[in-house]
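Coordinate inspection notes
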Amino acid sequence: PPTPKMPDPPALPLDVGNTSCDARSTSPGAQHAYVQSQSHLLKATSDNPLPTAVPPPIAAVAGLLGVRHVLCLIGLPERGKPFIAQRLSKYLSFFHGAEVKLFDVNEVMDRAGGPPGSDHNAMFMFEEIKAFMNATSSAADRNMTVPRAGSGRSAPASSSSPPSPEVRPVVVREGSAEVQLAESLAAHGEEELLVHPSDRRRKNVDSGKVAILFANDTFACFKEKWSGTSKERRRWASETLAKDRALGAKLIFIEVIVDRADILEANLRARERAKNGPTASRESAGPAMYEDELPDECLREFEDRARRFQRIYVSMQEDGSEDDLSYIKLINYGDKVVTNNMHGYLRMRIAQFLTVVHPTPHVIYLTRHGQSTYNQLGKIGGNSPLSPAGEEYARRLGAWVMPYVCYQQAAGLDSLTKTRLWTSSLQRTILTAQHIPHPIISEEDLGTPSVPPEPDADDALANGDSPTRCSAGRSSGLRGTPPRANGLRERLRSGGLSGVVGGVALGGIDLDSDRGGGGDRDRVWQQMAPRVYRNLDEIFAGEYEGMTYEEIKKIAPSEATLRSMDKIGYRYPRGESYFDILARLDPLVHELESYHEPLVVVSHQAVLRLLYCYLTGRTRAQAPKLSMPLHTVIRITYDGWTPPTEERFYLGPECSQTDGQTHL
């Protein structure tokens, strides 16, 4: 029977402020300089009449150290520059709390209304950038909004005690930095403040701001000064920003270079599919989704336009004439990266992230572990095993993966595809993935159509359990390992290729290596080779590990109240917050973005909430409120021209969804 699908989840507003191409919108990326559950600690008391106005930043809200940058993406058409701009924007805002704004040069020039390449258009764009950079949207500089020593005035001491979070939690309103500054100015005057409101030192304490410039239509905006299509235009942009010392913004050019014909044709296919709608069913999502036939006239038109554009476009020069500029050359999406004059934390973080971003299709499968014994009891945290229902889900998932993940559609046929698997280090995720097969396949097996499993199918297929026990099959028979894959294993066992099949090494081939290194490494691949990452472990509840939320409310009502008012920023005593999870997911996201193969992630509710929001374009503030149902697989697909889409597959069995983890 066909796999039952979950109904589409309720629509959530996307992270419009951080990813919108409309330069007029304001970014809410880093409105808060600290987590709101700390706000009651920042009030004056009789013991502390002059409290810290804003605490030191944690990693997730530290942003980019107050640095201001303008990033300008340049290059020939159909290189995926808008997609790279959006992914970079999402990464900087989601994981670092930076305020990022996308500026589509075409859209801004349309609003400017001047002739192409005019000074009017250029200055209109410059004013848009300045308005974004100079906007006050954080309370990060409030420690400097105090009277200067010797001014003859001091802040009045307060005899009031701090408000109890049980009775009246204090929430600092977004945008209150202006209110705080206005009150201090009224009380003391500008000249009596420790740091004057116009002092440039104030800008270095916020989360940093990044303006990202790109063009949706490279041909149409070629003449514009902010397009960066010639040495003269790049020089003008650099000098214009450098002259405005009060703005203090630095310019980085990011040139996207693609010289491989196969990548360009794949980009064109994706663009046409996004423009005209998919010709195949939704089941066609996968790494082979570029197999659509590309019309000859489309190719001829693109080649003609690209040839004309290339005659007048000037690449970043490495002859010394532009050595004073900061730039990154991204060649074939990370195959080669050239950097020049790139110093500092932000610049290197950008360069590092750009090496892994590519517009080819991403297919990510997210699933929670099967129901655990702690889920049944409503307890949070811990390292509990699976319940009987969770064990049944593990068997169903193991049988479901082969037909639904290891085979992706290409040209209307299911074809064998390389796949990957991640789990956390906790036993409930490892046990959930234990029935997923890990057959050894060769390069020649890739792309072969699926076939029913042979009676003596490889013992790795289901670890001794019959695949027919899974009720989530897509067709009447579940598909197994192709005969040639079994033949390869037989050759390995008979000595055709020396090595240990079940272990790590295979004739000197590291089956657990993430990437081939040439030779025999490129000839074999272990499907779903399990990678265990502690970074994927569930949020650590500290002193409340192994307790129910009813027990927590009973013994620590104030902690329960603080958490209810600030779920994303609240840190369990001697435990973690959602922001702490972001810090440990950061390196894994770099790895995830670099993959070209489908990836299955078996993890936990809090972790998957954040990954889901990042992959689907939602804000991180929405994460704690999302539902990650048990015994359900969520497939997320996206590429450089198609926004993220998702499908949900409920594999069963039925179990209670109101477990203790729901409140994490």
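The model shown is predicted, which means the values in this text are computed figures rather than measured ones. (Residues numbered from 1 in each chain as written. Predicted model: local features only at pLDDT ≥ 70, side-chain atom pairs only at ≥ 80, totals over all residues. Heavy atoms only, no water.)

In this section: the overall build of the protein. What the protein contains, in helices and strands, is 18 helices and 18 strands. Counting every position in the protein, which comprises 664 residues, the buried fraction comes to 56%. For the protein, the computed accessible surface area is about 27800 Å², with 53% contributed by carbon and sulfur atoms. (Helix = DSSP H or I, 4+ residues; strand = E, 2+ residues; numbered from the N terminus. Buried < 20%, exposed > 50% of the residue type's maximum accessible area, 1.4 Å probe, protein only. Areas by Shrake-Rupley, 256 points an atom, 1.4 Å probe, with all protein chains shown as cover.)

Strands sit in the order β2-β3-β1-β4-β5-β6 across an open sheet of 6 strands; the sheet is mixed. Strands at the two margins of the open sheet, each flanked by one partner only, are β2 (99-104) and β6 (336-340). The average undirected angle you get between the axes of adjacent strands in this sheet is 15°. Here strand β1 (residues 68-75) runs beside strand β3 (residues 209-214); their pairing, made up of 5 bridges, is parallel. Across the sheet, the residue bridging to Cys-72 is Leu-213, located in β3. (Pairing = 2+ DSSP bridges. Axes fitted to C-alpha atoms, helices over the stretch in contact; angles between N-to-C directions.)

We now examine helix α10 (residues 345-354). Most of α10 sits out of view: 7 of its 10 residues are buried. Every buried residue belonging to α10 is among Leu-346, Arg-347, Arg-349, Ile-350, Ala-351, Phe-353 and Leu-354, and all of these are buried.

It is worth spelling out the nonpolar core at this point. Formed by 77 residues in total, the largest nonpolar core has its most connected members in Ile-84, Leu-88, Ile-212, Trp-422, Leu-536, Tyr-544 and Leu-585. Of the residues forming this core, the biggest block, 9 residues, is contributed by helix α18 (residues 605-616). With residues near it in sequence (within four places) discarded, Leu-536 still touches Trp-422, Thr-423, Ser-424, Arg-584, Leu-585, Leu-588, Val-601, Ser-603, His-604, Val-607 and Leu-611. Formed by 31 residues, the second largest nonpolar core is a distinct cluster that contains Ile-74, Val-105, Cys-221 and Leu-251. (Core = buried A, V, L, I, M, F, W, Y, C linked by side-chain atoms within 4.5 Å. Contact = heavy atoms within 4.5 Å.)

A word on the sheet that holds strand β7 (residues 362-368). As summarised here, the arrangement of the 6 strands in space is β15-β10-β16-β7-β17-β18, forming an open sheet in which the pairing is mixed. The sheet is open, and its two edges are formed by β15 (530-532) and β18 (645-650), each paired on a single side. Each strand of the sheet is rotated relative to its neighbour by a mean of 20°, with strand direction disregarded. The pairing of strand β17 (residues 632-638) with β18 spans 6 bridges and is classified as antiparallel. Residue pairing for β18: Thr-632 is matched across the bridge by Tyr-650. Running at roughly 170° to β7, helix α12 (residues 388-406) makes contact with β7, β16 (599-603), β17 and β18 of the sheet.

Turning our eyes to something else, we now look at the pairing of β3. Residues in a regular strand project their side chains so that they alternate between the two faces of the sheet. The element β3 is extensively covered by neighbouring structure, given that 6 of its 6 residues are classed as buried. Alternating positions in β3 separate into two faces, Lys-209, Ala-211 and Leu-213 on one and Val-210, Ile-212 and Phe-214 on the other, with burial throughout. As paired strands, β2 and β3 are joined by 6 bridges and run parallel to one another. Each residue of the ladder has a partner; that of Glu-99, found in β3, is Lys-209.

Here we come to the packing of α10 against helix α17 (residues 578-594). As a packed pair, α10 and α17 sit with axes 9 Å apart at the nearest point and diverge in direction by 40°. Classified by the angle between their axes, α10 and α17 sit oblique to one another. Every residue of α17 that contacts α10 at Arg-349, Gln-352 and Phe-353 is listed here: Asp-586, His-590 and Glu-593. Residues that form the contact of α10 with α17 fall into these classes: 1 nonpolar, 2 polar and 3 charged. (Parallel < 35°, antiparallel > 145°, perpendicular 65-115°, else oblique. Nonpolar A, V, L, I, M, F, W, Y, C, P; charged D, E, K, R; others polar.)

Moving on to the pattern of salt bridges. By the definition in use, this model includes 22 salt bridges. A salt bridge links Glu-107 to Arg-111; the shortest N-O distance between them is 2.7 Å. On the criterion of helical spacing, the pair formed by Glu-107 and Arg-111 is a turn pair, its members being 4 residues apart in helix α4 (residues 105-112). Among the salt bridges present, the one from Lys-130 reaches Asp-244, with a minimum N-O distance of 3.4 Å. One end of the pair, Lys-130, is in helix α5 (residues 119-134); the other, Asp-244, is in the loop between α7 (231-243) and β4 (249-257), and 114 residues separate them in sequence. Here the salt bridges do not stand alone but share partners, grouping Glu-107, Arg-111 and Glu-128 into one network. (Salt bridge = Lys/Arg side-chain N within 4 Å of Asp/Glu carboxyl O.)

Applying the stated criterion across every chain, the model contains 0 disulfides. Unpaired in terms of disulfides, Cys-221 finds its nearest cysteine sulfur in Cys-72, a separation of 9.1 Å. Residue Cys-221 is classed as buried on the basis of its relative accessible area of 4%. (Disulfide = S-S within 2.5 Å.)

The next thing to look at is the confidence of the model for the protein. Chain-level statistics for the protein give a pLDDT mean of 76 and a share of 67% at 70 or above. Ignoring residues within four places in sequence, the model shows residues 1-30, a span with pLDDT below 50, making 89 contacts including any to other chains. Taken as a whole, residues 279-290 scores under 50 in pLDDT and shows 36 contacts with residues more than four places along the chain or in a different chain. (pLDDT = per-residue confidence, 0-100.)

As a further point, take helix α8 (residues 261-276). The end-to-end C-alpha distance of α8, which contains 16 residues, comes to 22 Å, matching closely the 22 Å that a straight helix rising 1.5 Å per residue would cover. Looking at α8, one finds that the buried residues are Ile-263, Leu-264, Ala-266, Asn-267, Leu-268, Arg-269, Ala-270, Arg-271, Glu-272 and Arg-273. Buried residues belonging to α8 abut α9 (296-312). (Expected span 1.5 Å × (residues − 1).)

The next subject is the packing of aromatic side chains. Counting across every chain of the model gives 20 aromatic pairs. Judged by centre distance (5.7 Å) and plane angle (40°), the ring pair of Tyr-91 and Phe-95 falls under tilted. Of this pair, Tyr-91 and Phe-95 both sit in helix α3 (residues 81-96), 4 residues apart, which is roughly one turn of that helix. The exposure classification of Tyr-91 matches that of Phe-95, with both residues buried. With a centroid separation of 5.7 Å and 65° between ring planes, the pair formed by Tyr-404 and Phe-649 is classed as edge-to-face. Highlighted residues: Tyr-404 in helix α12 and Phe-649 in strand β18, separated in sequence by 245 residues. In this structure, Tyr-404 and Phe-649 share a single accessibility class: buried. An aromatic cluster is present here, built from Tyr-91, Phe-94, Phe-95, Phe-353 and Tyr-614 joined pairwise through their rings. Here the guanidinium or amino end of Arg-87 rests over the ring plane of Tyr-614, the centre of that ring lying 5.0 Å away. When the ring centre of Phe-132 is taken as reference, the NZ or CZ atom of Lys-209 above it lies at 5.7 Å. (Phe/Tyr/Trp six-rings, centres within 6.5 Å; stacked < 30°, edge-to-face > 60°. Lys NZ or Arg CZ within 6 Å of the ring centre and 35° of its normal.)

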